[in-house]
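These are the residues of each chain, in order.
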Amino acid sequence: FALAAGAGVGLHVATVVAMLRCAARRGDQEAMTAWVRRGWEAGIDPEAIARRAEADQPAMSAFQALIEKCANAGDLPAAAGWYHQALSVGIPPSVFLLKKLVTVSLRQGNFPASDYWFNDLWRNRVRVGVKDFNEMVGAVPSSHLDLASHWFDQAVEQGVEVDSTTFRIMMNSAAHSGNLLAVQSWSSKAAERGFDVGRSALVSSLLAALAEGNYASADAWLQQAFEAEVPVEAKLLDRMVYRARCEGQLQRAAKWLERAMQAGTKPLVDTFNSIIVGAADCGDVGIAEIWYDRMLQEGLSPTQLTFQAIIKAVARKRDAQAAETWLDKARGAAVIPRTSAMNALLKAAADDGDPEAAEAWLRRCIETGMEPDSNTYCHLSQAYARSGDLRGAEGAYKRLVAAGLTPTKFNFVQLINGAAELRDPKTAAKWFDEAMRAGVQADITFHDLMLKAFARVGDLASATEWFERMEASGIRGDTVSYTELATAAARKWRMDEARTWYERLVEANLQLDCAIYVVMITAEAKRFNLHAAEEWFEEMLRRGVEPELSVYSAMMSAASMVGNLEECERWFRRFGKTGQHPDMPMFTALIRAAANQANLDAAHQWHDEAVARGLTPTGSAYRQLVEAAVAVNRIETAEQWFERGLAAGCEPTVDAFICLMHGARRVRDLDKVAAWRKRAEDFGFEIPNYRSAVVERNAGRDVAVPAAKT
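Residues numbered from 1 in each chain as written. Predicted model: local features only at pLDDT ≥ 70, side-chain atom pairs only at ≥ 80, totals over all residues. Heavy atoms only, no water.

A. Up close: the overall build of the protein chain. A count of helices and strands for the protein chain gives 41 helices and zero strands. Within the protein chain, the proportion of its 710 residues that are buried is 49%. Taking contacts inside the protein chain between residues at least 6 apart in sequence as the whole, the part at least 24 apart equals 66%. Of the roughly 34100 Å² that the protein chain leaves accessible, carbon and sulfur atoms contribute 48%. (Helix = DSSP H or I, 4+ residues; strand = E, 2+ residues; numbered from the N terminus. Buried < 20%, exposed > 50% of the residue type's maximum accessible area, 1.4 Å probe, protein only. Contact = heavy atoms within 4.5 Å. Areas by Shrake-Rupley, 256 points an atom, 1.4 Å probe, with all protein chains shown as cover.)

B. Representation of the confidence of the model for the protein chain in the model. Residues of the protein chain with pLDDT of at least 70 account for 86%, and the chain-wide mean is 82. At the low end of the mean pLDDT range in the protein chain sits helix α41 (residues 689-697), at 47; at the high end sits helix α34 (residues 565-576), at 92. Every residue in residues 690-710 scores below 50 in pLDDT, and together they form 33 contacts with partners more than four places removed in sequence or on other chains. (pLDDT = per-residue confidence, 0-100.)

C. Highlighting helix α20 (residues 320-332). With 13 residues, α20 should reach 18 Å at 1.5 Å per residue; the first-to-last C-alpha distance of 18 Å fits that figure. Of all the residues in α20, the buried ones are A322, A323, W326, L327 and A330. Mapping the buried residues of α20 onto a view down its axis gives an arc of 140°, with all of them on the same face. The outward face of α20, more than 90 degrees from its buried face, is lined by the exposed residues Q321 and G332. (Expected span 1.5 Å × (residues − 1). Arc of directions from axis to C-beta.)

D. View of the packing of aromatic side chains. All told, the structure shown has 31 aromatic pairs when counted by the stated rule. Summarising the aromatic geometry, the rings of F454 and W466 are spaced 6.1 Å apart at their centres and angled 50° between planes, so their arrangement reads as tilted. Pair noted here: F454 is in helix α27 (residues 444-456) and W466 is in helix α28 (residues 460-472), with a separation of twelve residues, a long-range link. As far as the burial class goes, F454 and W466 line up, both buried. Judged by centre distance (5.5 Å) and plane angle (70°), the ring pair of Y502 and Y517 falls under edge-to-face. Of this pair, Y502 sits in helix α30 (residues 495-507) while Y517 sits in helix α31 (residues 514-526), placing them 15 residues apart in sequence. Put simply, the rings of F642, F657, W676, F683 and F685 touch in pairs and so form one group of aromatic residues. Across the ring face of Y116, the terminal group of R123 is positioned such that the distance to the ring centre comes to 4.7 Å. The residue whose ring lies beneath R570 is W571, and the NZ or CZ to ring-centre distance is 5.1 Å. (Phe/Tyr/Trp six-rings, centres within 6.5 Å; stacked < 30°, edge-to-face > 60°. Lys NZ or Arg CZ within 6 Å of the ring centre and 35° of its normal.)

E. Focus on the pattern of salt bridges. Applying the stated criterion to the full structure yields 28 salt bridges. In this structure, K99 engages D132 in a salt bridge whose closest nitrogen and oxygen atoms are separated by 2.9 Å. Here K99, found in helix α7 (residues 95-107), pairs with D132, found in helix α9 (residues 130-138); they are 33 residues apart in sequence, far enough to count as distant. You can call D132 buried: its relative accessible area is 18%. Residue R570 pairs with E534 through a salt bridge whose shortest N-O separation is 3.5 Å. Highlighted residues: R570 in helix α34 and E534 in helix α32 (residues 530-542), separated in sequence by 36 residues. Residue R570 is classed as partly exposed on the basis of its relative accessible area of 32%. Taken together, the shared-partner salt bridges connect K99, D132 and E135 into one network. (Salt bridge = Lys/Arg side-chain N within 4 Å of Asp/Glu carboxyl O.)

F. Fine view of the packing of helix α17 (residues 269-281) against helix α19 (residues 304-316). Across the interface, α17 lies against α19 with an axial gap of 9 Å and an inter-helix angle of 10°. Classed by the angle they form, the pair α17 and α19 counts as roughly parallel. Every residue of α19 that contacts α17 at N273, I276, V277, A280 and D281 is listed here: L305, T306, A309, I310, A313 and R316. Residue composition of the contact of α17 with α19, grouped by class: seven nonpolar, two polar and two charged. (Axes fitted to C-alpha atoms, helices over the stretch in contact; angles between N-to-C directions. Parallel < 35°, antiparallel > 145°, perpendicular 65-115°, else oblique. Nonpolar A, V, L, I, M, F, W, Y, C, P; charged D, E, K, R; others polar.)

G. A look at unusual backbone geometry. Notably, R125 is not glycine yet its phi reads approximately 55°, a positive angle. Here R125 lies in the loop between α8 (111-123) and α9. Overall, R125 belongs to the exposed group, its relative accessible area being 77%.

H. Summary view of the environment of K131. Its place among the elements puts K131 in helix α9. Sequence separation between K131 and D163 is 32 residues; the distance between their C-alpha atoms is 9.1 Å.

I. Up close: the side chain of T464. Looking at the secondary structure, you find T464 in helix α28. Within the structure, the side chain of T464 is placed 2.7 Å from the backbone oxygen of L460, a separation counted as a polar contact. Not counting the four nearest positions on each side in its chain, T464 is found in contact with L485 and W501. (Polar contact = N/O pair within 3.5 Å; in protein donor to acceptor, adjacent residues only side chain to side chain.)

J. Up close: the side chain of S560. Along the chain, S560 turns up in helix α33 (residues 549-561). Sequence-distant contacts of S560, that is, excluding residues within four places in its chain, are made with C568, A589, R592, A593 and N596.

K. Seen up close, α8. Compared with an ideal rise of 1.5 Å per residue, which puts 13 residues at 18 Å, α8 spans 18 Å between its outermost C-alpha atoms and is within 8% of the ideal. Turning to α8, its buried residues number three or more, namely F111, A113, S114, W117, F118, N119, D120, L121 and W122. Measuring from the backbone nitrogen of A113 back to the side-chain oxygen at the start of α8 gives 3.2 Å, which picks out N110 as the cap. Where α8 ends, the next residue or the one after it, R125, has phi of about 55°, a positive value.

L. Inspection of the environment of A234 at higher detail. With respect to the helices and strands, A234 occurs in helix α15 (residues 234-246). When the C-alpha positions of A234 and M261 are compared, they lie 9.8 Å apart, and in sequence the two are 27 residues distant. When residues no more than four places from it in sequence are discounted, the contact partners of A234 are T265, K266, L268 and T271.

M. Quick peek at the environment of S550. Tracing the backbone shows S550 in helix α33. Here the alpha-carbon distance between S550 and M586, two residues 36 residues apart in the chain, equals 9.3 Å. When near neighbours in sequence (up to four residues on either side) are disregarded, S550 contacts C514 and V518.

N. Quick peek at the packing of α28 against helix α29 (residues 479-491). Between α28 and α29, whose axes approach to 9 Å, the crossing angle comes to 160°. With respect to α29, the element α28 is oriented roughly antiparallel. Judged by the sense of rotation from one axis to the other, the crossing of α28 with α29 is left-handed. Taking contact as the criterion, the partners of L460, A463, T464, F467, M470 and E471 in α28 are, on α29, S481, Y482, L485, A488 and A489. (Left-handed = near helix turned anticlockwise from the far one by under 90°.)

Rendered as structure tokens:
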């Protein structure tokens, strides 16, 4: 152009259009604007440029390509800019361009913009076919059914010949929005225009009922579909079953699957898995196994998800034999279950504090072909830590590193928490430092575990120092932090400092929970200060904290420690008014209170009440019953309770044997004193010599025996 201009060639309309086309293909909006202005300045009629650009198909194609490119990239402002630029040079609007702008606006959730572009069709009198309209209205989310209905009315008013597909789109949109009435309305409108959408209406009504959560209605529509011999597609059935299972309607989902199979629908393997997973999650392994067999009968092959669900379910039930069976079935089906199935088995062993079982499951799962991950070794560490074997927990971590796996936050959490539970703050600090070296961010969880480690040994000075360092580093303490600090103070009987940490928690405006009140109530109970414990309960109510079972249990324990059976029973009745179910520690507190009052009948009554409620008495409960019987010199009864505890699987304690020896001494039965001492030694207990000597020496005299030193 520069050469032509230098040779005296004037600016022509064709030259302007050619330069516009070139600039459009390059995506140079500034150049396009400049050439339009240059043409106008040269005296070329804008209408002439528009007519020539309209006839220039390459120019139109260039603009369309640019608009489509911007729209597909999600750049709606750029696409709109090119659209208006095309109009400014005379390229007329088209249904292709506006449809693209409408659909992109819908995808971005910009519904006002989509409505603007849709109306631009009618403002520019663009001819719209039913296929283009269906594409646009079909892109409207079901949550905006009103917008789709408005567009339908506009299209009909503008002369668009809607078809049966249009009505199916509207019914499906209504169905997915859960609007059953709208489905019926659109079905009626379709019938008025002579379209047969009966089958689509049934399916849409069924979907709408599901979306509404109206399962009774869904049952009715499904029955109509079967009666009308409308085939329920496998994908639709899968959606139905999955939705019902997720909403806790497992029995209904299973019934739908059964009826659809009877009607000839061939279910997908995912549909069977939905039932199996639902049953397994509910702990009903028997139902899961039944549907597993049905899956095989249908000629379908189980997947990783199938075995994962069932193995995790039997792991939660601690059914080792069933887990072995399903691992064998997985191997027979040439399916390697997901690692999460192995982790479920190790987690069950970890929860039981059984490292031997955890190691056995690890070996077994590796033989099956599963590969351990960091969570696997996390559960293994937890199993060792809960059994009191911190060295074993550390060994599991070393094996994780040796396997080339990257330790996660949770691996270190287990090690630090294990050390804290075993009252070993030094080791906890070592693993805290190791976590930092491994690049794990020291968040509030790690710091709270360190505070817990110091609190467990009552090291308030170290806990306070750690807390101050934590806050100096920019990490603000949370409710757990202050609770652990209060615990550290309470363990040293420094109740003033414990109260100070509580007050600091309140001043920090953090969420209060029951844990810190349990700490304070328990501390006062150990000081035999029932009145102070009750004051902490009232303080909790004043702060708007709803008392949980643990709080009532702490109050009952406080009353039992001072031997106040009446107060203990009063707190039990008060707890009963909350509608919650009591646990065994509550009944143990009642039995202890009765034992401290030498009220054997009441102790028996509360034991029987616990059993009647389906609870299993613990070793502590049986020990209290033994003490209650000894307190009233009913040695034979005490011995019977001891034997019942053993039969129930409770481990005897040295205190139980010493109590029985005291009982035998009180009735001057030297033979029984010796017999119980011999039996204690058979269980591996060593009765202190000074103590046994006192018991035997005083067998013939009614004198008190000093309490054991701990």
